[in-house]
Amino acid sequence: MARAGRKKSAGGYGTNPLVDWGSGDIPDNAIKLLSLERIPFIADGVGMPKRVDSRHKDGVNVIFSDGSGSWVPREKFNSELSGCTSLSAGNNAAQDRIWQILGEKDPNQQQQ
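Procedures and definitions
- Residues numbered from 1 in each chain as written.
- Predicted model: local features only at pLDDT ≥ 70, side-chain atom pairs only at ≥ 80, totals over all residues.
- Heavy atoms only, no water.
- Helix = DSSP H or I, 4+ residues; strand = E, 2+ residues; numbered from the N terminus.
- Buried < 20%, exposed > 50% of the residue type's maximum accessible area, 1.4 Å probe, protein only.
- Contact = heavy atoms within 4.5 Å.
- Areas by Shrake-Rupley, 256 points an atom, 1.4 Å probe, with all protein chains shown as cover.
- Salt bridge = Lys/Arg side-chain N within 4 Å of Asp/Glu carboxyl O.
- Pairing = 2+ DSSP bridges.
- Polar contact = N/O pair within 3.5 Å; in protein donor to acceptor, adjacent residues only side chain to side chain.
- Core = buried A, V, L, I, M, F, W, Y, C linked by side-chain atoms within 4.5 Å.

Caption draft 1: The overall build of the protein chain, seen in detail. Counting its regular elements, the protein chain contains 3 helices and 4 strands. The order of helices and strands in the protein chain, counted from the N terminus, is β-β-α-β-β-α-α. Taken over 112 residues, the protein chain has a buried fraction of 32%. Restricting to contacts in the protein chain with at least 6 residues of sequence separation, those with at least 24 account for 57%. When the accessible area of the protein chain is evaluated, it comes to approximately 7800 Å², of which 50% is carbon and sulfur surface.

Caption draft 2: Looking closely at the pattern of salt bridges. Under the defined criterion, the tally for this structure stands at 4 salt bridges. Across the pair Arg-97 and Glu-80 runs a salt bridge, and its minimum N-O distance is 3.8 Å. Of this pair, Arg-97 sits in helix α3 (residues 92–103) while Glu-80 sits in helix α2 (residues 78–81), and the two are 17 residues apart along the sequence. Given a relative accessible area of 21%, Glu-80 falls into the partly exposed group. Salt bridges here are not isolated pairs; linked through shared partners, they connect Glu-80, Arg-97 and Glu-104.

Caption draft 3: Looking closely at the pairing of strand β2 (residues 40–44). Taken across its 5 residues, β2 has 4 buried, putting it largely inside the fold. Sheet topology places β2 next to strand β3 (residues 59–64); 3 bridges connect them, and they run antiparallel. Within β3, the residue paired with Pro-40 across the bridge is Phe-64.

Caption draft 4: Layout of unusual backbone geometry. Located in the positive-phi region is Lys-57, a residue other than glycine, with phi close to 70 degrees. Relative to the assigned elements, Lys-57 resides in the loop between α1 (49–53) and β3. Look at Lys-57 and you get exposed, because its relative accessible area is 51%.

Caption draft 5: Here's a closer look at the environment of Asp-66. In this fold, Asp-66 is placed in the loop between β3 and β4 (69–73). Judged by relative accessible area, which is 48%, Asp-66 ranks as partly exposed. A distance of 2.6 Å separates the side chain of Asp-66 from the side chain of Ser-68, its partner in a polar contact.

Caption draft 6: Region of the structure containing the nonpolar core. In terms of nonpolar packing, the biggest core is built from 13 residues, with Val-46, Val-60, Val-62, Phe-77 and Leu-102 touching the most fellow members. Elements with a contribution of two residues or more to this core: β3 and α3. In terms of residues, this core owes the most to one element, α3, which gives 4 residues. With residues near it in sequence (within four places) discarded, Val-62 still touches Pro-40, Ile-42, Ala-43, Ser-68, Gly-69, Ser-70, Val-72 and Leu-102.

This is the structure:
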(Lines give C-alpha, C1' and ligand atoms only; values in the text may rest on other atoms or scores of the structure.)
Protein backbone atom coordinates (compact mmCIF):
# COMPACT_ATOMS: atom_id res chain seq x y z
CA MET A 1 0.00 0.00 0.00
CA ALA A 2 1.35 3.42 -0.93
CA ARG A 3 2.02 5.84 1.90
CA ALA A 4 -0.09 8.97 2.02
CA GLY A 5 1.52 11.87 0.20
CA ARG A 6 3.86 9.69 -1.86
CA LYS A 7 3.67 9.87 -5.60
CA LYS A 8 3.98 6.82 -7.77
CA SER A 9 6.68 6.97 -10.37
CA ALA A 10 6.95 5.44 -13.78
CA GLY A 11 9.55 5.48 -16.49
CA GLY A 12 9.47 5.19 -20.21
CA TYR A 13 12.19 4.92 -22.76
CA GLY A 14 12.36 4.92 -26.51
CA THR A 15 14.64 2.81 -28.66
CA ASN A 16 16.21 3.76 -31.93
CA PRO A 17 13.92 2.72 -34.81
CA LEU A 18 16.67 0.36 -36.01
CA VAL A 19 15.19 -2.16 -33.57
CA ASP A 20 11.46 -2.75 -33.05
CA TRP A 21 10.88 -4.03 -29.53
CA GLY A 22 7.21 -3.08 -29.59
CA SER A 23 6.11 -6.61 -28.79
CA GLY A 24 8.42 -6.79 -25.77
CA ASP A 25 10.22 -9.78 -27.28
CA ILE A 26 13.77 -9.67 -28.57
CA PRO A 27 13.58 -10.48 -32.28
CA ASP A 28 15.40 -13.50 -33.71
CA ASN A 29 17.48 -11.21 -35.92
CA ALA A 30 18.51 -8.76 -33.18
CA ILE A 31 21.31 -6.39 -34.10
CA LYS A 32 24.59 -7.05 -32.29
CA LEU A 33 25.71 -3.86 -30.57
CA LEU A 34 29.33 -4.56 -31.44
CA SER A 35 28.45 -4.41 -35.14
CA LEU A 36 27.05 -0.87 -34.87
CA GLU A 37 28.88 2.40 -35.05
CA ARG A 38 28.25 4.68 -32.08
CA ILE A 39 24.54 5.47 -32.40
CA PRO A 40 21.92 6.64 -29.91
CA PHE A 41 20.29 3.40 -28.83
CA ILE A 42 17.97 4.19 -25.89
CA ALA A 43 16.67 7.56 -24.72
CA ASP A 44 14.10 8.99 -22.36
CA GLY A 45 10.73 9.06 -24.12
CA VAL A 46 10.97 11.49 -27.04
CA GLY A 47 7.76 10.49 -28.82
CA MET A 48 5.78 13.57 -27.83
CA PRO A 49 6.41 16.83 -25.96
CA LYS A 50 4.27 15.69 -23.02
CA ARG A 51 6.54 12.67 -22.55
CA VAL A 52 9.59 14.90 -22.22
CA ASP A 53 7.59 17.30 -20.02
CA SER A 54 6.70 14.47 -17.65
CA ARG A 55 10.35 13.56 -17.14
CA HIS A 56 13.23 16.01 -17.24
CA LYS A 57 11.51 18.82 -19.17
CA ASP A 58 14.71 20.48 -20.41
CA GLY A 59 16.44 17.50 -22.05
CA VAL A 60 16.89 13.74 -22.19
CA ASN A 61 19.41 11.09 -21.22
CA VAL A 62 20.72 9.04 -24.13
CA ILE A 63 22.57 5.71 -24.03
CA PHE A 64 24.70 4.86 -27.04
CA SER A 65 25.47 1.51 -28.62
CA ASP A 66 29.05 1.72 -27.32
CA GLY A 67 27.77 1.90 -23.71
CA SER A 68 28.42 5.61 -23.25
CA GLY A 69 25.75 8.08 -22.27
CA SER A 70 25.07 11.78 -22.49
CA TRP A 71 22.55 14.49 -21.71
CA VAL A 72 21.00 16.18 -24.75
CA PRO A 73 19.33 19.55 -24.10
CA ARG A 74 15.76 19.82 -25.36
CA GLU A 75 16.59 22.98 -27.31
CA LYS A 76 18.52 20.79 -29.77
CA PHE A 77 15.47 18.72 -30.80
CA ASN A 78 12.48 20.76 -29.60
CA SER A 79 11.64 22.11 -33.05
CA GLU A 80 11.13 18.58 -34.39
CA LEU A 81 9.47 17.36 -31.19
CA SER A 82 6.89 20.17 -31.04
CA GLY A 83 5.00 18.78 -34.04
CA CYS A 84 4.73 15.28 -32.59
CA THR A 85 1.39 15.63 -30.81
CA SER A 86 0.45 11.94 -31.10
CA LEU A 87 2.12 8.59 -31.65
CA SER A 88 1.54 8.37 -35.38
CA ALA A 89 3.39 7.17 -38.46
CA GLY A 90 2.83 10.70 -39.73
CA ASN A 91 5.55 11.80 -37.30
CA ASN A 92 8.16 9.29 -38.50
CA ALA A 93 10.24 11.89 -40.36
CA ALA A 94 10.39 14.14 -37.27
CA GLN A 95 11.23 11.17 -35.06
CA ASP A 96 14.00 10.04 -37.43
CA ARG A 97 15.43 13.57 -37.28
CA ILE A 98 15.22 13.58 -33.45
CA TRP A 99 17.22 10.34 -33.28
CA GLN A 100 19.74 11.84 -35.71
CA ILE A 101 20.07 14.91 -33.48
CA LEU A 102 20.44 12.73 -30.36
CA GLY A 103 23.40 11.07 -32.06
CA GLU A 104 25.22 14.24 -33.11
CA LYS A 105 28.52 14.69 -31.34
CA ASP A 106 28.58 17.93 -29.40
CA PRO A 107 31.81 18.94 -27.64
CA ASN A 108 29.73 20.65 -24.93
CA GLN A 109 27.67 17.56 -24.08
CA GLN A 110 28.43 15.74 -20.86
CA GLN A 111 29.84 12.34 -21.82
CA GLN A 112 29.78 9.49 -19.32
